[in-house]
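# Observations on the model geometry
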Amino acid sequence: MRTVKQTDILTGSIPRQLLVFFLPIWFGTLFQQLYNTADTLIVGNFVGTNALAAVGATGAFVNLLVGLFVGLCSGAGVVVAQSYGARDVDAVDRQVHTALVFSVVIGAVLTVVGLLSAEPVLRLMGTPDEILGDAALYLRIYFLGMIPQILYNMGTNILRAAGDSKRPLYFLIVASLVNIVLDVVFIAVFHWGVAGAALATIISQLASAVLTLRCLAGSQGMPWHLSAAKLRMEKAILVAICTIGIPAAAQSALYNVSNMMIQSCMNGFGTDTIAAWGVYGKIDFIFWMTINSLGIAITTFAGQNFGAQQYDRVRRGTRICLEMAAGITLFISVVFYFAAGPLFRLFSQDPEVIAVGVEMMHVLVPTYVTYVCIEILSGALRGCGDVRIPTLITVFCVCGLRILWLLTAVPVWHSVATVELSYPITWTLASLLFVIYYKKGGWLKRCIAARHEA
């Protein structure tokens, strides 16, 4: 079995290594979005509008709850990356086994919470009665697949921490194809409705978990080799994972809360605006998956090189990743700005929706670049183990200030543009604070000291 050599990230051309690591993550995210779109098309065409709305109504709750635990998985990725970079094979071995046991516990807790809270939360969110039953049924079945979903996320975080971003892509492609095929069979052939859609999802999650665990178990001689006899949770490792993972989980939760508030504000401008905002989200996803993939790449790069005590390479890698992110962002911004009309016409032929959507893009697209420093610098800092201050900056500037803006400015200047401005205003302030902290915050010395004390 071909494995990723440790020198892939620790030596050689930094731009090349970042690009080689980034591309599989980017394609994986793109493929996942495509299969999610196919999933929606199958439900909408073969079941009906109510079923489509029922599945859509579950998205915010699923993202909120699952995002919390995926954040914890990222903590394991950082811990493993640092130990792998330091060539501490024994530490990697113990961290992998602790992380996988922890993921089973996380998945079990999430299953119970999801089953018990599905209908009450949907009612709290104001889900219409005509779709409440289907939405609750979808959620209950969906949450039965939490253990394999968290195992997959944990396993892929471990593989990426060791520099392998290709096999997680392959596993995702297989799982996506399984999901699409089973959607067609369960929904179009067996007519199982939303239950069929949920069942197809959890079977595909099970497939991805099996492939990931099989990969880890079959990696004899590698630090991340999985052995059933070694499965146990070590308190010190669990604390290290949670120290990094809990802030990431909290950050994810607050992002989802602020985005739900923005959606609520958009809902007040009527059907055309709601439709345009939904379409904009489909287009906007290209930017987000690109910048997030670069953030994952620099986190792993920084983690391994920090563990190997190559601190100058950490800084050079961060600078190069910032340059790459800025260049790609500017390219996307130019394309989106001038192609706004044609892009919207791919999704809607309604002239009102297109007009509102183009205006949305012309307000937000030129401001994308103000977000770059947040994602890349927070990723680099997280990879070195510094999460407290970056999380505070993100929570209070990006999330807290955004919510304050929505509550105070939008009622006074009631327009779509005012809602949209909550993004660049908060991004700009947070980016400025991240740059100051990265340059003057003394974070690297504290991270080095903390690692020596561990």
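Cut-offs applied
- Residues numbered from 1 in each chain as written.
- Predicted model: local features only at pLDDT ≥ 70, side-chain atom pairs only at ≥ 80, totals over all residues.
- Heavy atoms only, no water.
- Axes fitted to C-alpha atoms, helices over the stretch in contact; angles between N-to-C directions.
- Helix = DSSP H or I, 4+ residues; strand = E, 2+ residues; numbered from the N terminus.
- Parallel < 35°, antiparallel > 145°, perpendicular 65-115°, else oblique.
- Left-handed = near helix turned anticlockwise from the far one by under 90°.
- Contact = heavy atoms within 4.5 Å.
- Nonpolar A, V, L, I, M, F, W, Y, C, P; charged D, E, K, R; others polar.
- Salt bridge = Lys/Arg side-chain N within 4 Å of Asp/Glu carboxyl O.
- Buried < 20%, exposed > 50% of the residue type's maximum accessible area, 1.4 Å probe, protein only.
- Patch = residues over 30% accessible without salt bridge, like charges linked within 9 Å, V, L, I, M, F, W, Y side chains within 5 Å.
- Areas by Shrake-Rupley, 256 points an atom, 1.4 Å probe, with all protein chains shown as cover.

Put simply, helix α8 (residues 166-189) and helix α9 (residues 193-217) touch, their axes get as near as 8 Å, and they point 155° apart. Compared by their axis directions, α8 and α9 come out roughly antiparallel. As for the relative orientation of α8 and α9, their crossing is right-handed in sense. When α8 is examined against α9, the residues R167, F171, V174, A175, V178, N179, L182, D183, F186 and I187 are found in contact with a partner set consisting of G193, G196, A197, L199, A200, T201, I203, S204, S208, L211, T212 and C215. Residue composition of the contact of α8 with α9, by class: 13 nonpolar, 7 polar and 2 charged.

With that settled, consider the pattern of salt bridges. Side chains that differ in sign of charge can pair as their charged atoms come close. All told, the structure shown has 8 salt bridges when counted by the stated rule. The shortest N-O distance in the salt bridge between K230 and D93 comes to 3.5 Å. One end of the pair, K230, is in the loop between α9 and α10 (235-267); the other, D93, is in helix α5 (residues 89-124), with 137 residues separating them in the sequence. K230 gets classed as partly exposed once you look at its relative accessible area, which sits at 36%. Between E234 and R94 there is a salt bridge, with its nearest N and O atoms 2.9 Å apart. Here E234 is found in the loop between α9 and α10, whereas its partner R94 is found in helix α5, with 140 residues between them in sequence. A relative accessible area of 24% places E234 in the partly exposed class.

On to a nonpolar patch on the surface, then. A surface patch of nonpolar side chains, about 280 Å² in accessible area, is lined by V105, V109, V113 and M233. Mapped onto the elements, V113 comes out in helix α5. Looking at V113, the relative accessible area reads 35%, which means it is partly exposed.

Looking now at unusual backbone geometry. One non-glycine residue, H191, adopts positive backbone phi at about 60°. Within the secondary structure layout, H191 lies in the loop between α8 and α9. Notably, Q309 is not glycine yet its phi reads approximately 65°, a positive angle. Here Q309 lies in the loop between α11 (271-307) and α12 (311-338). Taking relative accessible area as the criterion, Q309 reaches 52% and is therefore assigned exposed.

Scope: geometric values only; no functional claims are made or implied.
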